[in-house]
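# Architecture at a glance
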Amino acid sequence: MASARVTDRPRLVAIRAEALFDGVSSVLVRDPLLVMDGPAIVSVDSAVAPPPGAEVVDLAGATLLPGLIDTHVHLAFDGSADPVAALAGRDDGAVLAAMSAAGRAALRGGVTTVRDLGDRGYLSLGLRGAGDLPTIVAAGPPITTPAGHCHFLGGGAEATPQALRAAVRERAERGVDVIKVMASGGTMTPGTRQETSQFTADLLRVVVDEAHRLGLPVTAHAHGTAAIRMSLDAGVDGMEHVSFWSADGVDDPGDLVDRIAASRVAVGITGGVVPAPGAVPPPAVAMRMPRIIANTRRMYEAGAHLILGTDAGIGLPKPHDVLRFALEQTAMLGIAPVVALSLATSRAAAACGLGDVKGRLARGFDADVVAVNGNPLADLAALRRIRAVFARGVQVA
Ligand SMILES: [Zn+2]
């Protein structure tokens, strides 16, 4: 009798809730039933009965949404007051343990996929596929100059075409998913300056050409206006921060707003601050925030391809579950909640090369699901009320 046969087929799990945001549509699905078969979604329907034999998870009053995707994290930074010193004090085993803890914290905050844009010693690559961690898209150590931004992660390369091609090839051989290059200095690295470029446009183009030849996308850390312009000239796929940082403030981006909007380069806006006592940005960042926000709003209104990363891990304001607060804080950019949610789901998935498996609640997509109490399309503060998190079909929170 076929019905009595014991098989190893995973049991169906059906989640019932009040509403569902599918990652794309601006209209919620009412009375949804989402059915998972192991790590994949097999159906999303409205007002139907669960399939026979399915385990039913009843989340009355909750809204389901795709697992969130943070396009810019550093699992190796522990979100402490001095994550660089904390990292320096850990051997690789201790770093891996801290990275796993960071990943689990992200999962509890609804983040089921992270793009790690800078680790030490390629450690994030070995964590890919771990069952109790988010899906990880990994860059390994960022390519930087020998004393440049985040050189302590081990990615320093001489500013020559030969050295940069070798650096890209090494990452490709290691199996990274994306190349991260530090086009400008940064806040965490004494001796570098955000407004100062680290490479010429020609050298950035060497990085881009070699990466593309090897089938890898490139995203450039670019604070200063010159570094942003050079990154665009070099043909990068993405840019991070894009703050137009100057020596004493923030530049007017001028013609670059339209160039960025026309380019379709993904602009990772690294937003989000956790609302906790003492979790405040460094003074040099805080004093520039109003103009950075104004410039970001200009890029958004011009049609730039924004995505919502956070730089999770780089300090107390940015713990590994900060993305849901970044979503709330997009209101100051004039971004509607449904658009903000797409920036952290379907659009983020596309920018990470995962557009056919992540970021949507639909048949065939990975069963990464967050349930929150309330309606996040009406009020993104609903993301503070996480009811359940499923990662590849397994309930993790
Ligand atoms: Zn970063």
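Below is a summary of the structure that appears in this document.

Definitions and limits used
Residues numbered from 1 in each chain as written. Predicted model: local features only at pLDDT ≥ 70, side-chain atom pairs only at ≥ 80, totals over all residues. Heavy atoms only, no water. Salt bridge = Lys/Arg side-chain N within 4 Å of Asp/Glu carboxyl O. Helix = DSSP H or I, 4+ residues; strand = E, 2+ residues; numbered from the N terminus. Buried < 20%, exposed > 50% of the residue type's maximum accessible area, 1.4 Å probe, protein only. Axes fitted to C-alpha atoms, helices over the stretch in contact; angles between N-to-C directions. Parallel < 35°, antiparallel > 145°, perpendicular 65-115°, else oblique. Left-handed = near helix turned anticlockwise from the far one by under 90°. Contact = heavy atoms within 4.5 Å. Nonpolar A, V, L, I, M, F, W, Y, C, P; charged D, E, K, R; others polar. Pairing = 2+ DSSP bridges.

### Focus: the pattern of salt bridges
Scanning all chains against the criterion turns up 18 salt bridges. Arg298 is the salt-bridge partner of Asp252, the closest N and O atoms lying 3.4 Å from each other. With Asp252 in the loop between β11 (238–245) and α6 (256–263) and Arg298 in helix α8 (residues 289–301), this residue pair connects regions lying 46 residues apart in the sequence. The partner of Arg297 in a salt bridge is Glu301, and the shortest N-O contact between them spans 3.2 Å. Residue Arg297 and its partner Glu301 are both found in helix α8; the two are separated by four residues, about one turn of the helix. Under the relative-accessibility criterion, Glu301 is labelled exposed at 58%. One network of salt bridges, with partners in common, ties together Arg169, Glu210 and Arg213.

### Details of unusual backbone geometry
In this model, Val242 sits at a positive phi of 50°, which is unusual for a non-glycine residue. Tracing the backbone shows Val242 in strand β11. At Arg264, a position not held by glycine, the phi torsion is positive, near 65°. Looking at where Arg264 falls in the secondary structure, it is placed in the loop between α6 and β12 (266–268).

### Details of the packing of helix α4 (residues 201–213) against helix α5 (residues 225–234)
Between α4 and α5, whose axes approach to 8 Å, the crossing angle comes to 45°. With respect to each other, α4 and α5 are oriented oblique. Here the hand of the crossing between α4 and α5 comes out right-handed. Counted together, Ala201, Leu204, Arg205 and Val208 of α4 and Met230, Ser231, Asp233 and Ala234 of α5 form the full contact between these two elements.

### A short note on the packing of helix α3 (residues 161–174) against α4
Running from N to C, α3 and α4 cross one another at 35°; their axes reach a closest spacing of 9 Å. For the pair α3 and α4, the sense of crossing is right-handed. On α4, the residues touching Pro161, Leu164, Arg165, Val168 and Arg169 of α3 are Leu203, Val206, Val207, Glu210, Ala211 and Arg213. Its residues placed into classes, the contact of α3 with α4 shows seven nonpolar, no polar and four charged.

### Considerations on the pairing of strand β1 (residues 12–20)
Burial runs high along β1: seven of the nine residues are buried. For β1 and strand β3 (residues 32–37), the ladder comprises five bridges, and the chain directions are antiparallel. Each bridged residue has a counterpart across the sheet, and for Arg16 the counterpart in β3 is Leu33. Two elements, β1 and strand β5 (residues 55–66), share seven bridges in a ladder whose sense is parallel.

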